[in-house]
Amino acid sequence: MGPSLPSQQSNIIEENVHEKINQQFEELITTLPSDKGLIVPTLINYKGFWYPPVSIFKGVLLMQDQFKARSTDIFLCSAPKTGTTWLKALTFATMNRSKFEFATHPLLTTVPHNCMPYLDAYITDHDVEALPSPRLLSSHSAYSLLPKSTRESPDCKIVYICRNPKDVFVSDYFFSMKLRAPMFPPISMEEAFDLFCKGVCMYGPYFEHVLGYWKARLESPEKILFLKYEEMRRDPVKHVKHLAEFLGKPFSAEEEKAGVIEEILKLCSFDKLTSLEVNKTGKVTFVPEMAVGNETFYRKGKVGDSKNHLTPEMIERLDKITEEKLKGTGFAFGE
Ligand code: A3P
């Protein structure tokens, strides 16, 4: 359990709500359209987006039914493999910078995912009302599937991170193959690529995920900050400064002079996090059916690694899909 999370599970969602959601869940997982998944063998399509038919999906139903936004809430949203772990670490360190010393910082002993609840899963057996404000929450769900009160609250903030789809696909493939149980038949990179190209991937279609947040950001730029992994890698100081300003915690001139931004970046860097014992061992259990080894969240942390794994034909195909999907949106991925 992370430093900012209550150590005790409590559950104020009433039994009858759980029963109602359980019933809805059971009905939906047998009736919704399905296709192949990489980690779990099947994904189901709920309101346009692909979910594993495990309790994370129940969490999404609960989140929509029960979650009440606070004006101080901060949501970190992302499709998987776009830099969520890094952004969680950066946001946690930025928001809590006056609370913790760098030498004894919780991120030295806690995996970033345990510093911030992943709401889609967390809500299934935790009381989100018990979390102190400002709540730092994360979600992989599409914008249209976030709780209505979060979307409609003019004050609660959303930080979204996206990444070039080729790197997302490759990162997701290797991540998923580590987690796919040996009892399921293997899936080749070619087959996984076909699924990704037709939009079938966890929480995807990827382009629709990105564009949903992009359109929302165009309508409410004061509510949604849109980040690109590649740009953050290129100029992290600029983006962490921007992140702090957006979250209402700008760095003071003294902090800048004292090198606080650089300290945060050092603490959250790929090299630092991967050198820590906590990120080499142990697991994050998001829901009982999904425990992820902490080391699995880190692979290379590079921009453009996909060119080492995709054939020229695959690159051409995904570039073409990207061009078609983004046409007329005014959006471009970072390079
Ligand atoms: P690669 O598989 O390309 O290496 P997510 O956190 O959304 O699951 O994304 C995982 C990707 O972010 C992985 O990419 C991982 O290596 C990279 N990553 C994890 N921690 C990082 C960090 N501190 N800095 C930069 N990239 C990081």
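Residues numbered from 1 in each chain as written. Predicted model: local features only at pLDDT ≥ 70, side-chain atom pairs only at ≥ 80, totals over all residues. Heavy atoms only, no water.

With an unreviewed UniProt entry as reference, the protein is termed Sulfotransferase, source organism Dillenia turbinata.

What follows covers the overall build of the protein. When its secondary structure is counted, the protein shows 14 helices and 9 strands. Here the protein holds 335 residues, and the buried ones make up 56% of them. Here the analysis covers contacts within the protein between residues at least 6 apart in sequence; of these, 74% occur between residues at least 24 apart. Accessible surface for the protein amounts to roughly 15,100 Å². Of this, 52% is attributable to carbon and sulfur atoms. Across the protein, the mean location of the 41 positive side-chain charges is 3 Å away from that of the 43 negative side-chain charges. (Helix = DSSP H or I, 4+ residues; strand = E, 2+ residues; numbered from the N terminus. Buried < 20%, exposed > 50% of the residue type's maximum accessible area, 1.4 Å probe, protein only. Contact = heavy atoms within 4.5 Å. Areas by Shrake-Rupley, 256 points an atom, 1.4 Å probe, with all protein chains shown as cover. Lys, Arg positive; Asp, Glu negative; His and termini not counted. Charge placed at Lys NZ, Arg CZ, Asp CG, Glu CD.)

Around the ligand, the surrounding shell holds 19 residues, and the nearest of these are Thr84, Thr85, Ser171, Lys300 and Gly301. Between the ligand and the protein, one listed contact pairs an oxygen atom with a side-chain N or O atom of Thr85 at 2.5 Å. In the environment of the ligand, a nitrogen atom lies 2.8 Å from a nitrogen or oxygen atom belonging to the side chain of Tyr229. Out of a free accessible area of 570 Å², the ligand has 97% covered by protein chains. (Near = heavy atom within 4 Å. Polar contact = N/O pair within 3.5 Å; in protein donor to acceptor, adjacent residues only side chain to side chain.)

What follows is about the nonpolar core. If you look at the biggest cluster of nonpolar residues, it comprises 114 residues, and the most contacted ones within it are Tyr51, Phe57, Val159, Phe169, Tyr206 and Phe331. With near-sequence residues (within four places) excluded, Tyr206 lies in contact with Ala79, Thr82, Cys162, Arg163, Pro165, Val168, Phe196, Cys201 and Phe333. (Core = buried A, V, L, I, M, F, W, Y, C linked by side-chain atoms within 4.5 Å.)

Turning our eyes to something else, we now look at the sheet that holds strand E1 (residues 34-36). Taken in spatial order, the 3 strands of this open sheet run E1-E2-E3, and their pairing is antiparallel. Two strands close off the open sheet at either side, each with one partner strand: E1 and strand E3 (49-51). Taking the axes of each pair of neighbouring strands and ignoring which way they run, one obtains an average angle of 40 degrees across the sheet. As paired elements, strand E2 (residues 42-46) and E3 share 3 bridges and run antiparallel to each other. Each residue of the ladder has a partner; that of Asn45, found in E3, is Trp50. (Pairing = 2+ DSSP bridges. Axes fitted to C-alpha atoms, helices over the stretch in contact; angles between N-to-C directions.)

This part is about the packing of helix H3 (residues 84-95) against helix H10 (residues 236-246). The N-to-C vectors of H3 and H10 enclose an angle of 55 degrees; their axes lie 10 Å apart at closest approach. The pairing of H3 with H10 is recorded here as oblique in orientation. Pair H3 / H10 crosses with right-handed handedness. Across from Leu87, Leu90, Thr91 and Thr94 in H3, the residues of H10 making contact are Val240, Leu243 and Ala244. Residue classes in the contact of H3 with H10 are distributed as 5 nonpolar, 2 polar and no charged. (Parallel < 35°, antiparallel > 145°, perpendicular 65-115°, else oblique. Left-handed = near helix turned anticlockwise from the far one by under 90°. Nonpolar A, V, L, I, M, F, W, Y, C, P; charged D, E, K, R; others polar.)

Turning next to the UniProt feature "domain: Sulfotransferase" (unreviewed entry) in the protein. With numbering aligned to this structure, UniProt lists the feature "domain: Sulfotransferase" (unreviewed entry) at residues 72-330. Summarising residues 72-330: 43% helix, 11% strand, and an end-to-end C-alpha distance of 30 Å. (UniProt positions renumbered as here; feature names shortened; annotations may be inferred.)

In this section: the side chain of Ser153. Looking at the element boundaries, Ser153 is found in the loop between helix H5 (148-152) and strand E6 (157-162). Judged by relative accessible area, Ser153 falls into the buried class, the value being 12%. Of the polar contacts made by the side chain of Ser153, one reaches the backbone nitrogen of Cys156; its length is 3.1 Å.

All right, on to the environment of Tyr173 then. On the secondary structure map, Tyr173 appears in helix H6 (residues 165-179). Sequence separation between Tyr173 and Ala103 is 70 residues; the distance between their C-alpha atoms is 35 Å.

A few words now on H10. Taken together, the buried positions of H10 are occupied by His239, Val240, Leu243, Ala244 and Phe246. One side of H10 holds all its buried residues, which, seen down the axis, span an arc of 165 degrees. In this fold, the buried residues of H10 make contact with H3, E6, strand E7 (224-228), helix H9 (229-234) and helix H12 (260-268). In the segment just after H10, Gly248 is the residue with positive phi, at about 80 degrees. (Arc of directions from axis to C-beta.)

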